[in-house]
Amino acid sequence: MSHHPDTAASPAAEPPVTIPLLQAWRAEGRRIVMVTAYDAAMTRLVDPVVDVILVGDSVGNVCLGFDNTLPVSLAMMNHHVEAVARARPRALLVADMPFLSFHLDLADTIRNAGGFLQRGAAAVKLEGGAARVPAVQALVACEIPVMGHLGLTPQSVNAMGGFKVQGRAVAQARQILDDARRLEDAGCFSLVLEGIPAELAARITESLGIPTIGIGAGPDCSGQVLVLHDLLGLLPGRKAKFVRTYVDGYGLLQAGLSAFAEDVRAGRFPGPAESYALPEAARAALDEIRAQREDIC
């Protein structure tokens, strides 16, 4: 049986991260650290270190076995947002709005986003440029904070013809810059910039008053985000160019599992340290029962 830690949060050494605090950091030049998390265990791991936790629809790729984020449903996202929120993180908790959860009409968009806040998120993130301005305005009018997402937007993988760097052509770069300004004007408190040239991300960051969070967008954004499983090296296989892996998590975990399997097969696990002893009175009673059975035989 696994150990289940108390879900009650211990008193935080520092105050919770809020949207006004992130915006103050942007003004001060302090870099923002953001990672993904999809369950309570990983949230407890990252929370003391990071500023923002994103429950990303990337859960489809890294946890659920999908090839992209399109199959991720609102029900799936609700499940993972609830799991992360139960850890009561100090970091700002942002929930990704999955495909088709903000595309149909504004009433559904508000209802779906509001559901994330009711489940413990502090804000939502949605992908897209100028076409998303009405949705952003409607959400902000309902006191639902919105983080935008421009550049390589994974929910647009089919329209983009794959996971390709965006903004290299002049017209596309201008469009992304214009979209960034429109999203800020619509009320977004922050923007994720993904898969765009570093120079374009720097110009966008310089032109905005809100924080930008880069992923594959160079070093000049207000902060950076990576998928937790990528930076911890938990998944085998080829990584995107913008990923830096800080530890061979996959190798370390496999080594631990292999050692466990060897100990089980060799009879070394469990040992006395992992076993429970029978109290003397109970042992004596069982010995007496066994002796009686042997006498009958």
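If you're wondering where the values come from, they're calculated on a predicted model, not measured in any experiment.

Caption draft 1: Structural view of the packing of helix H6 (residues 133-141) against helix H8 (residues 170-186). As a packed pair, H6 and H8 sit with axes 9 Å apart at the nearest point and diverge in direction by 25 degrees. The angle between the axes of H6 and H8 places the two elements in the roughly parallel class. Between H6 and H8 lies a crossing of right-handed hand. Across from Val-133, Val-136, Gln-137 and Val-140 in H6, the residues of H8 making contact are Arg-182, Leu-183 and Ala-186.

Caption draft 2: Structural context of the environment of Asn-78. For Asn-78, the location among the structural elements is in helix H4 (residues 74-85). Take Asn-78: its relative accessible area is 12%, and that puts it in the buried class. On a C-alpha basis, the gap between Asn-78 and Met-97 in space is 9.8 Å, while along the polypeptide they are 19 residues apart. Residue contacts for Asn-78: discarding those within four places in its chain leaves Phe-116 and Arg-119.

Caption draft 3: Quick look at the UniProt feature "binding site: 3-methyl-2-oxobutanoate" (unreviewed entry) in the protein chain. Here, UniProt's "binding site: 3-methyl-2-oxobutanoate" (unreviewed entry) annotation points to Asp-57, Ser-58, Asp-96 and Lys-125. These annotated residues cover 69 residues of sequence, and their C-alpha atoms lie no more than 12.5 Å from one another, placing them together at a single site. Along the polypeptide, Ser-58 turns up in the loop between strand E2 (52-55) and helix H3 (59-62). With near-sequence residues (within four places) excluded, Ser-58 lies in contact with Thr-36, Tyr-38, Thr-69 and Val-227.

Caption draft 4: Spatial organisation of the pairing of strand E3 (residues 92-96). Among the five residues in E3, five count as buried, and that is most of the element. Across the two faces of E3 the burial is the same, with Leu-92, Val-94 and Asp-96 and Leu-93 and Ala-95 all buried. Alignment of E3 against strand E4 (residues 123-125), held across three bridges, turns out to be parallel. Paired with Asp-96 across the two strands is Lys-125, which belongs to E4. Since E3 and E4 lie parallel, the crossover through helix H5 (residues 106-118) that links them has a hand, and here it is right-handed.

Caption draft 5: Examining a nonpolar patch on the surface more closely. A grouping of Phe-99, Leu-100 and Leu-104 is seen on the molecular surface, where their side chains present a nonpolar patch of about 290 Å² in accessible area. Mapped onto the secondary structure, Leu-100 falls in the loop between E3 and H5. The class of Leu-100 is partly exposed, set by a relative accessible area of 47%.

Caption draft 6: Region of the structure containing the packing of aromatic side chains. Evaluated as defined, the whole model comprises one aromatic pair. Pairing Phe-260 with Phe-269 gives two aromatic rings, centres 5.6 Å apart and planes at 70 degrees, and the pair type is edge-to-face. Given a relative accessible area of 46%, Phe-260 falls into the partly exposed group. For Arg-30, the ring lying beneath its charged end belongs to Trp-25, and the centroid distance is 3.7 Å.

Caption draft 7: Broad picture of H6. Taken as a whole, H6 has its buried residues at Val-133, Ala-135, Val-136, Ala-138 and Leu-139. Summarising the contacts, the buried residues of H6 are in contact with H5, E4, strand E5 (146-151) and H8. Just beyond H6, the residue with positive phi is Glu-143, at close to 65 degrees.

Analysis parameters
Each chain carries its own residue numbering, running from 1 in the written order of its sequence. Side-chain atom pairs in this predicted model are given and counted only at pLDDT of 80 or more, local residue features only at pLDDT of at least 70, and totals for whole chains, interfaces and linings cover all residues. Calculated side-chain values reflect all of the structure's heavy atoms, with hydrogen atoms and water omitted. Simply put, an axis is a line fit to the C-alpha atoms, just over the touching stretch for a helix, and the angle between two N-to-C directions goes from 0 to 180 degrees. Starting at the N terminus, helices and strands are each numbered in turn, a helix being any DSSP run of H or I of at least four residues and a strand any DSSP run of E of at least two. Angle categories: roughly parallel below 35 degrees, roughly antiparallel above 145, roughly perpendicular from 65 to 115, and oblique for all the rest. Note on convention: near helix rotated counterclockwise from far helix by under a right angle means a left-handed crossing. Clockwise means right-handed. Should any heavy atoms of two residues lie within 4.5 Å, those residues are counted as being in contact. Three labels apply to residues, based on accessible area from a 1.4 Å probe with only protein chains included: buried if under 20% of the type maximum, exposed if over 50%, partly exposed otherwise in between. UniProt positions are given in the numbering used here, feature names are shortened, and annotations may be inferred rather than shown by experiment. Pairing between strands is defined by DSSP: at least two bridges between the two strands are required. Call a crossover right-handed when, viewed with both strands pointing away from you, the route from the first strand across the helix to the second goes clockwise. Patch construction takes residues with relative accessible area above 30% that form no salt bridge. Like charges are linked within 9 Å, and nonpolar side chains (Val, Leu, Ile, Met, Phe, Trp, Tyr) are linked within 5 Å. Calculation of accessible area relied on Shrake-Rupley with a 1.4 Å probe; when residues are assessed, cover is drawn exclusively from the protein chains displayed. A carboxyl oxygen of Asp or Glu within 4 Å of a side-chain nitrogen of Lys or Arg is what we treat as a salt bridge. We call Phe, Tyr and Trp rings a pair once their centres come within 6.5 Å, taking the six-membered ring for Trp, and we label the pair stacked below 30 degrees between planes, edge-to-face above 60, and tilted otherwise. Think of it as a cone above the ring: NZ of Lys or CZ of Arg counts as a charge over the ring if it is within 6 Å of the ring centre and within 35 degrees of the ring normal.

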